[in-house]
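Observations on the three-dimensional arrangement
So you can see what is in the structure, the chains are spelled out below.
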Amino acid sequence: MEKEKTYTNFIQKIIEEHHISGRFNQKVHTRFPPEPNGYLHIGHAKSIILNFTLAEKNGGLCNLRFDDTNPIKEEDEYVKSIMEDVKWLGFDWENRLYYASDYFDQMYDFACKLIEDEKAYICDMTGDEVRASRGSLTEAGQASPYRNRTPEENLKLFSEMRAGKFPNGSHTLRAKIDMSHPNLNMRDPVMYRILHANHHRTRDKWCIYPMYDWAHGLEDSLEGITHSICTLEFEDHRPLYDWYLKQLDVYHPQQIEFARLNLSFTIMSKRWLKKLVDGGHVSGWDDPRMPTISGLRRRGFSPESIRKFAEEIGVAKRENTVEMNLLEHSLREDLNKRANRVMGVIDPLKVVISNYPEDRIEYLDAINNPEDADAGSRKVAFSKELYIEKSDFMEEPFRKYFRLAPGKEVRLRYGYYITCTDFIKDENGEVIELHCSYDPKTKGGSSPDGRKVKGTIHWVSASENIEAEVRLYDRLFTEPNPGKNDDLASTLNPDSLIVRKKCFIESEMKNANNGEYYQFERLGYFSLDRIDSNPEQLVFNRSVALRDSWKKIEKGFQTGQK
RNA sequence: UGGGGCGUCGUCUAACGGUAGGACACCUGGUUUUGGUCCAGGCAGUUGGGGUUCGAUUCCCUACGCCCCAGCCA
């Protein structure tokens, strides 16, 4: 029992301290607050999982809230995809779906209160002027000439702003804090800007929109959030978050910052991801090579594996780059237990069993999942002509090569032992067909005399199978840290997608279902491509290959000794 | 060289001031009708220097390194 892993991270620790101090009356209420301006990626998944599980483990709730304060960037399409992704990960916000735009009226009223208290003013400076007067990292800023307008004048101007009397950029509402504050965020930050734009929800009701810092704390406060969790770059904004809530004397959540996720061999920034899409380097936001949630879903990742991954990587404040290995491991670990096995040949080489009757077909028993006795078994067709993997034959085998070679015997999984008696090459010297003999006494894959056969290979009957397209994926970049390189395109992995058109899969797979996970024995985990696959032309994506200890040995032979 | 953060195995991440632990990766062996899984074992870390203490990853000082901030983005 003491082996039970406790859910531990520094945020949980803070929560427990709050429980002791009684700050939030033992309550935990979090929120996931995406801006609907793009697709979610695995880094967002970390945040979603953090917020929802933190609430759940502490008997609390987590809201889904769209932080839609910038109508220029936000679209309904993203709202839909975000909800789909959160649901797919297995979380339920029940009736707690909120939008920042729901609070625009209240935010306006709060702003008026600040104006009345002489803590905010309308500034007529242009963006450039504001920038110039903000000072620098080492120099104090200069006060706006409009800083001392009366509350009456400010109120009037503010309502005129709202009424649409001014063009974009002509006025802002600014908090009156401290132009010489060492934290630049505190140098009279803008609370409202004029944006004559159509909002995805409020349409043309507003032409002034709240800035993040002003809006976010109020959203949290209004929803009774206890722990407002965000990423590290907002640490500098916490004083402002706190300042607004304190001036207003309203319910005050605790903002806590954690380090965002970086993954090796990929990138997480929306800007770069968009470049990949726009540059045609990938087929879209849901390209199976993308680290987006929709991409991972299409690639064949399970939500369970992503949640396990999030648990494994933990949560802390230091910068981190998690190895892609760990993500892949999480998937293998999950699918090994639940994916049914099946045989498929993705690089076919024809085999003729010379001593097997011409027109005979046998149906042999194959176990669906050795890791799950309840998964049962199925029948696979065996016939005189078969396909095996090209890589399972070598004319001149390496020393430890256990597979087929002239005169060598292997086991066909769940089939027979066969021995290679001959091979045929085409005019280019490429092996195109093998002739083998089989041992009828080894049906099912074991021999009565107990002789050892080290190699077991997969195969598919040439007469009974289904043809499919298979897509093999590899990391998108060749660099472990592509984000550090300005010339992204040069570090793209040219082999990140390999399409194999005429693959042969055992006919069992005619019943393959969308969203189901399969293991093609010895090759990896696969699932149907939910966009491009159809009953006439099945398309399988390889989500991840099996671990392959042979690959290393083989490389050793190829490069060094032989 | 203004402010805010962060430095623990290769990579993530733990450790009321009390044996630096786990996972991934890697390496050995064993089992195996998937060169998969599984099992057993191994390698490997507290940024440096001081101080406090019986005892420091933990507290203090200092140095160094890395990240973030000058949007009317979030």
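Placed above this text is the structure.
Keep in mind the model is a prediction, meaning the values are calculated, not measured.

1. Some words on the protein's contact with RNA strand B
Surrounding RNA strand B, one finds 67 residues, the nearest of these being Met-125, Arg-341, Gly-444, Gln-519 and Arg-522. Interatomic distance of 3.4 Å between a backbone N/O atom of Trp-550 and a sugar or linking oxygen of RNA strand B. Sorting the residues of the surface near RNA strand B by element identifies α5 (127–133), β6 (190–194), α11 (303–313), α12 (324–338) and α13 (549–559) as the ones contributing at least two each. Among the elements that line the surface near RNA strand B, the one with the most residues is α12, at four residues.

2. Considering helix α3 (residues 76–88)
When the terminal C-alpha atoms of α3 are compared, their 18 Å separation across 13 residues agrees well with the 18 Å that a helix rising 1.5 Å per residue should span. In the core, the buried residues of α3 are packed alongside β1 (29–32), α2 (42–57), β2 (61–66), β3 (97–99), α10 (293–299) and α11. Phi turns positive, to about 100°, at Gly-90, one or two residues after α3.

3. With respect to the sheet that holds strand β5 (residues 172–175)
Ordered by their spatial adjacency, four strands build an open sheet running β4-β5-β6-β7, and the pairing between neighbours is antiparallel. Only two strands of the sheet have a single neighbouring strand rather than two, namely β4 (120–123) and β7 (208–210). Averaged over all neighbouring strand pairs, the angle between strand axes comes to 20°, with direction disregarded. Looking at chain direction, β5 and β6 are connected through three bridges and run antiparallel. Each residue of the ladder has a partner; that of Arg-174, found in β6, is Val-190. Strands β4, β5, β6 and β7 of the sheet are contacted by helix α6 (residues 151–163), whose axis makes an angle of about 60° with β4.

4. So, the side chain of His-41
With respect to the helices and strands, His-41 occurs in the loop between β1 and α2. A distance of 3.0 Å separates the side chain of His-41 from the backbone oxygen of Met-268, its partner in a polar contact. Residues in contact with His-41, not counting those within four places in the same chain, are Met-268, Leu-273, Pro-291, Thr-292 and Ile-293.

Rules and cut-offs
- Residues numbered from 1 in each chain as written.
- Chains lettered and ligands numbered in written order.
- Predicted model: local features only at pLDDT ≥ 70, side-chain atom pairs only at ≥ 80, totals over all residues.
- Heavy atoms only, no water.
- Near = heavy atom within 4 Å.
- Polar contact = N/O pair within 3.5 Å; in protein donor to acceptor, adjacent residues only side chain to side chain.
- Helix = DSSP H or I, 4+ residues; strand = E, 2+ residues; numbered from the N terminus.
- Expected span 1.5 Å × (residues − 1).
- Contact = heavy atoms within 4.5 Å.
- Pairing = 2+ DSSP bridges.
- Axes fitted to C-alpha atoms, helices over the stretch in contact; angles between N-to-C directions.

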